[in-house]
Amino acid sequence: MPQDIGVSSTDLCVLAGKWPDSTNLLLRRMGESGLDATEIVRVEPQVKRDLQRVCTFCASKRKCEHDLASYPSDSAWQDYCPNATTLKALVAERANS
């Protein structure tokens, strides 16, 4: 089963233990960035799964949650978010289409 979703067995165990709330911050960050998670799943499902996996393993969840609550438009999250590069690329791709 792990191969079916593109993760290792170890990662699958960790992901299962953190599900379903593990990516709420990702969904909030995507919304704040103007990204539609449903659209990304439709167009690039593997990218969404990778974003979720990376977010689940992120060590900066408390900082992210605080920043989203207090400073949602501040770009400081890009300095600590392991998904920042991918999210910025998705925003740029959306702007170019």
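The paragraphs below set out a description of the structure included in this document. (Residues numbered from 1 in each chain as written. Predicted model: local features only at pLDDT ≥ 70, side-chain atom pairs only at ≥ 80, totals over all residues. Heavy atoms only, no water.)

## Considerations on helix H5 (residues 45-57)
Two residues of an α-helix separated by three or four positions point the same way, owing to the 3.6 residues in each turn. Under the 1.5 Å per step criterion, the end-to-end length of H5 is 19 Å for 13 residues, consistent within 8% with the ideal 18 Å. For H5, every residue scored as buried is listed here: Lys-48, Leu-51, Gln-52, Val-54, Cys-55 and Thr-56. (Helix = DSSP H or I, 4+ residues; strand = E, 2+ residues; numbered from the N terminus. Expected span 1.5 Å × (residues − 1). Buried < 20%, exposed > 50% of the residue type's maximum accessible area, 1.4 Å probe, protein only.)

## Concerning the nonpolar core
Judged by nonpolar contacts, the single largest core of 16 residues is most densely connected at Leu-26, Met-30, Leu-35, Trp-77, Leu-87 and Leu-90. Among the secondary structure elements, those contributing two or more residues to this core are helix H3 (24-32), helix H4 (37-43), H5, helix H6 (61-70) and helix H7 (84-96). When sequence neighbours within four positions are dropped, the list of residues in contact with Leu-87 reads Leu-26, Arg-29, Met-30, Leu-35, Leu-51 and Trp-77. (Core = buried A, V, L, I, M, F, W, Y, C linked by side-chain atoms within 4.5 Å. Contact = heavy atoms within 4.5 Å.)

## Describing the packing of H3 against H6
Interaxial distance between H3 and H6 falls to 11 Å at its minimum, and their mutual angle equals 40°. Taken as axis vectors, H3 and H6 run oblique relative to one another. In this structure, H3 meets H6 at a crossing whose hand is left-handed. Two secondary-structure elements touch here, H3 through Leu-25, Arg-28, Arg-29 and Glu-32 and H6 through Lys-61, Cys-64, Glu-65, Asp-67, Leu-68 and Ala-69. The residue inventory of the contact of H3 with H6, partitioned by class, reads 4 nonpolar, no polar and 6 charged. (Axes fitted to C-alpha atoms, helices over the stretch in contact; angles between N-to-C directions. Parallel < 35°, antiparallel > 145°, perpendicular 65-115°, else oblique. Left-handed = near helix turned anticlockwise from the far one by under 90°. Nonpolar A, V, L, I, M, F, W, Y, C, P; charged D, E, K, R; others polar.)

## Let's talk about the pattern of salt bridges
Per the stated rule, a full pass over the model turns up 3 salt bridges. In this structure, Glu-39 engages Arg-42 in a salt bridge whose closest nitrogen and oxygen atoms are separated by 2.7 Å. Of this pair, Glu-39 and Arg-42 both sit in helix H4, 3 residues apart, which is roughly one turn of that helix. The class for Arg-42 is exposed, based on a relative accessible area of 60%. Notably, a salt bridge pairs Asp-67 with Lys-63, separated by 3.6 Å at the nearest N-O pair. Taken together, the positions of Asp-67 and Lys-63, both in helix H6 and 4 residues apart, correspond to about one turn of that helix. (Salt bridge = Lys/Arg side-chain N within 4 Å of Asp/Glu carboxyl O.)

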